[in-house]
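Analysis of the macromolecular model
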Amino acid sequence: MIPEIGHFSLILALFVALALGALGVMGGQQGRSDWMALARPGAQALWALASLSFCCLTYAFFTNDFSVSYVAQHSNSKLPDIYRIAGVWGGHEGSLLLWLVMLCSWMMAVSLFSRQLPDVMVSRVLAVLSLVAVGFLLFMLTTSNPFLRLSDIPADGRDLNPLLQDPGLVFHPPMLYMGYVGMAVPFAFSIAALLNGRLDAAWARWTRPWATAAWICLTIGIAMGSWWAYYELGWGGWWFWDPVENASFLPWLVGTALMHSLAVTEKRGLFRSWTIMLSIIGFSLSLLGTFLVRSGVLTSVHAFATDPKRGIFILLFLSAVVGGSLTLFALRSGKVRSGGAFAMISRETFLLVNNVLLTTAAAAVLLGTLYPLIVDALNLGKLSVGPPYFNSVFAPIMLPVLLFMVLGTYARWKNDSLAELGRKLRPVAILSVLLGCATPLLAGPWSALVALSLTLVYWIVLSSLQQIYRQLKDTANWKATPISYWGMHLAHIGIAVCVVGITMVKGYETEKDVRMAIGDTVEVAGYTFRLTSIGEVPGPNYNADRGVVELSKNGKVLRTLEPEKRTYFSSTMPMTETAIDSNLVRDVYVALGERLEDGPTPAWAMRVYHKPFVTWIWVGCLLMALGGAMAALDRRYRRKALASTAPSHAKGVPA
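These lines cover the structure that appears in this document, whether it is placed above or below. (Residues numbered from 1 in each chain as written. Predicted model: local features only at pLDDT ≥ 70, side-chain atom pairs only at ≥ 80, totals over all residues. Heavy atoms only, no water.)

1. Points about the overall build of the protein
Each helix and strand counted, the protein has 20 helices and 10 strands in total. Here the protein has a C-alpha radius of gyration of 27 Å; the compact-globule value for 655 residues is 26 Å, and the two agree. Each principal axis of the C-alpha distribution contributes one length, and for the protein these read about 85 × 70 × 55 Å. Across the 655 residues in the protein, those meeting the buried criterion constitute 56%. The contacts in the protein between residues at least 6 apart in sequence include a share of 73% that link residues at least 24 apart. Within the protein, the 38 negative side-chain charges are centred at a point lying 17 Å from the centre of the 50 positive side-chain charges. (Helix = DSSP H or I, 4+ residues; strand = E, 2+ residues; numbered from the N terminus. Rg over C-alpha atoms; globule rule 2.2 N^0.38 Å. Buried < 20%, exposed > 50% of the residue type's maximum accessible area, 1.4 Å probe, protein only. Contact = heavy atoms within 4.5 Å. Lys, Arg positive; Asp, Glu negative; His and termini not counted. Charge placed at Lys NZ, Arg CZ, Asp CG, Glu CD.)

Right, dumping it as structure tokens:
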């Protein structure tokens, strides 16, 4: 009975979404305030129905209702409770339902936290989001229904994919999906503005916190996924340029450009075309990521092996969204043009350059991701595009971004001079070069690429500290400084911290693959690993070989590491559980491989790593997200909307 309630909730949600979309668009066009007033309660009703459906599926998982096909495929009676619940989104149908719940949650948030906005704008935004929900509800009900019953009920389920039986499954997909789906909100604000014909500073101010919130969720979600892959897969890597990883990274790059474009639109009324296009592209890339994961066109540890007909549905939906949006943009192009001007040396120019670089980087990643698929679709052979391509193309594009990031925060709006910028930044530049070139000598062999990266890191950090110092010194009441100002600098410092981690681990990591018997030792980067024992350990739904590795340095035992090799009852695929000793400046990482020899002196394959500063990658991401949260919480986003708002041209605190 419970699954039927969940299925009926989806059907009812489809009709509510259709009605909400139609009433929101027509009510705004005809000026019907009574229709527009239904937008907020309609969005809340849609959220309630989607949540009810999700709870029904969760209940089916928790009670081991194997009469439901999706539960039988992705759960098992021996599965621990936490993974039984997280298993709801461990497959295609359930993750799609999670996507819908996240979309409805964003709609709920818009209905609750946009009361200061005009009803016509809110009703149109919610109408656009409702129409997006219609597409996913149709997709779910026609091709991906999670509530289908089995006529022949199995005694037990097939179990959740062993790769997903990890705490990362509990947190990573919901946060990443929140960011993915969150890109629909700035998209909806842009479409609503095009329908309304009002693309001014007020519209940018209304849109900016929602774009920032989605970007925060994407940042945290991507960081969680990177950390999960790092400790779970046993390869010691934190980013593999996997097609599905790229699918989440693409909207992050475009979202970063969108936030800065919105800043210019809000402050100066410029970059309107950029802002509209970036919001459309950002959401389109989120839909493209959905297509890549669910169409069956690629093989990935993240992808769902599904019927290609599902991919065709999403591709048609993506075409409708992109085609309809671009058509509306073309029809309203006369209202999108910006009338202001700015000099070659100005904050607008540097922000524009960074937007161009970020979108170029996204295009390069998109090309490397899709090109093998296109070649295969045209029967031109099999082609693999891996890390060498992405590393050689992406890094040269992004390094100038770090340079212009600082120039954009120092330059004045409208007009500035190179001489003035040079006067402000000359000490920072000189000190950054000196420190950047000297620091690699302390870490190991000197490397020009490491020195360049660290020079840019010092460039960002020292310039931010200098601006913070001047702000505290020059402002009579520093509490009056907008919180977004501190958030901007914290996010920029977070980028620098992340670059330190990437640079140091790429430049100075050490790895050894060795054969080890009991009592054998191996030394890596001054650390000694001694295999003291390996024994069998039973788990709730698996058996494991657990190694005991003694970690020491300079003859002093630091701790004991216990890597595992697990074999799950429902699968013959062995899974690696790594053991990591982590601190602020390095990780020491051990992975237990296959048994190589039996007999009186058995031996195992072992993989040991020393990864300097790798933790800084994720610390930097958290600082970026915290900086974004501070910017999104700025009090000016909570002010009552005015009938018309002229762009500001102030030269003080950055937007």
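From this point on, the discussion continues.
2. Quick notes on the side chain of T503
As for its position among the elements, T503 is in helix α19 (residues 483-508). From its side chain, T503 meets the backbone oxygen of V499 in a polar contact 2.7 Å long. Not counting residues up to four positions away in its chain, the partners in contact with T503 are V450, S453 and L454. (Polar contact = N/O pair within 3.5 Å; in protein donor to acceptor, adjacent residues only side chain to side chain.)

3. Section: the nonpolar core
In terms of nonpolar packing, the biggest core is built from 140 residues, with L100 and F189 touching the most fellow members. Examining the composition of this core, we find that 16 residues originate from one element, helix α10 (residues 201-232), more than from any other. Within the second largest apolar cluster, 22 residues are counted, among which are A411, V428, L454 and Y508. (Core = buried A, V, L, I, M, F, W, Y, C linked by side-chain atoms within 4.5 Å.)

4. Thoughts on helix α16 (residues 387-410)
Along its 24 residues, α16 runs 35 Å from first to last C-alpha, staying within 8% of the 34 Å computed at 1.5 Å per residue. Along α16, the largest kink reaches about 30° and is centred on A395; proline P396 follows within four residues of it. Every buried residue of α16 is accounted for by F390, F394, I397, M398, V401, L402, M405, V406, L407, G408, T409 and Y410. Those residues of α16 that are buried are in contact with α11 (243-268), α15 (347-377), α17 (418-443), α18 (448-474) and α19. (Expected span 1.5 Å × (residues − 1). Bend = angle between axes of the 7 residues up to and from the residue.)

5. A few points about unusual backbone geometry
Look at W241: it is not a glycine, yet its phi comes out positive at around 55°. Relative to the assigned elements, W241 resides in the loop between α10 and α11. At F613, a position not held by glycine, the phi torsion is positive, near 60°. Along the chain, F613 falls in the loop between β10 (603-612) and α20 (615-632). Taking relative accessible area as the criterion, F613 reaches 21% and is therefore assigned partly exposed.

6. Section: helix α9 (residues 184-196)
Compared with the 18 Å implied by 1.5 Å per residue over 13 residues, the 18 Å span of α9 between its first and last C-alpha is a close match. Those residues of α9 lying buried are A184, V185, P186, F187, A188, F189, S190, I191, A192, A193 and L194. One or two residues past the end of α9 sits G197, with phi positive at roughly 75°.

7. Some details on the pattern of salt bridges
Counted under the stated rule, the structure contains 18 salt bridges. The partner of K611 in a salt bridge is E509, and the shortest N-O contact between them spans 2.4 Å. In this pair, K611 sits in strand β10 while E509 sits in the loop between α19 and β1 (510-517), placing the two residues 102 residues apart along the sequence. Two residues, E564 and R566, come together in a salt bridge whose shortest N-O distance is 2.8 Å. The buried category is assigned to E564, whose relative accessible area is 6%. Exposure remark for R566: the relative accessible area of 14% places this residue in the buried category. (Salt bridge = Lys/Arg side-chain N within 4 Å of Asp/Glu carboxyl O.)

8. With respect to the packing of α10 against α11
Relative to each other, α10 and α11 sit at 155°, their axes nearing to 9 Å. Considered as vectors, α10 and α11 are oriented roughly antiparallel to each other. Crossing handedness for the pair α10 and α11: left-handed. Where α10 approaches α11, its residues A201, W203, A204, R205, T207, R208, A211, T212, W215, L218, T219 and I222 are matched on the opposing element by S248, F249, P251, W252, G255, T256, L258, M259, L262, A263, T265 and E266. The residue makeup of the contact of α10 with α11, split by class, is 14 nonpolar, seven polar and three charged. (Axes fitted to C-alpha atoms, helices over the stretch in contact; angles between N-to-C directions. Parallel < 35°, antiparallel > 145°, perpendicular 65-115°, else oblique. Left-handed = near helix turned anticlockwise from the far one by under 90°. Nonpolar A, V, L, I, M, F, W, Y, C, P; charged D, E, K, R; others polar.)

9. Some points on the environment of S114
Position of S114 among the secondary structure elements: in the loop between α6 (92-113) and α7 (119-143). With 12 residues separating them along the chain, S114 and M102 place their C-alpha atoms 18 Å apart. Setting aside anything within four residues of it in sequence, one finds S114 in contact with R40, A109, V122 and W210.

10. Considering a nonpolar patch on the surface
Together, M1, I2, I5, L52 and Y59 make up an exposed nonpolar region whose accessible area comes to about 480 Å². Every element with two or more residues in the nonpolar patch is listed here: α1 (2-30) and α3 (39-62). Relative to the helices and strands, Y59 resides in helix α3. For Y59, a relative accessible area of 47% corresponds to the partly exposed category. (Patch = residues over 30% accessible without salt bridge, like charges linked within 9 Å, V, L, I, M, F, W, Y side chains within 5 Å. Areas by Shrake-Rupley, 256 points an atom, 1.4 Å probe, with all protein chains shown as cover.)

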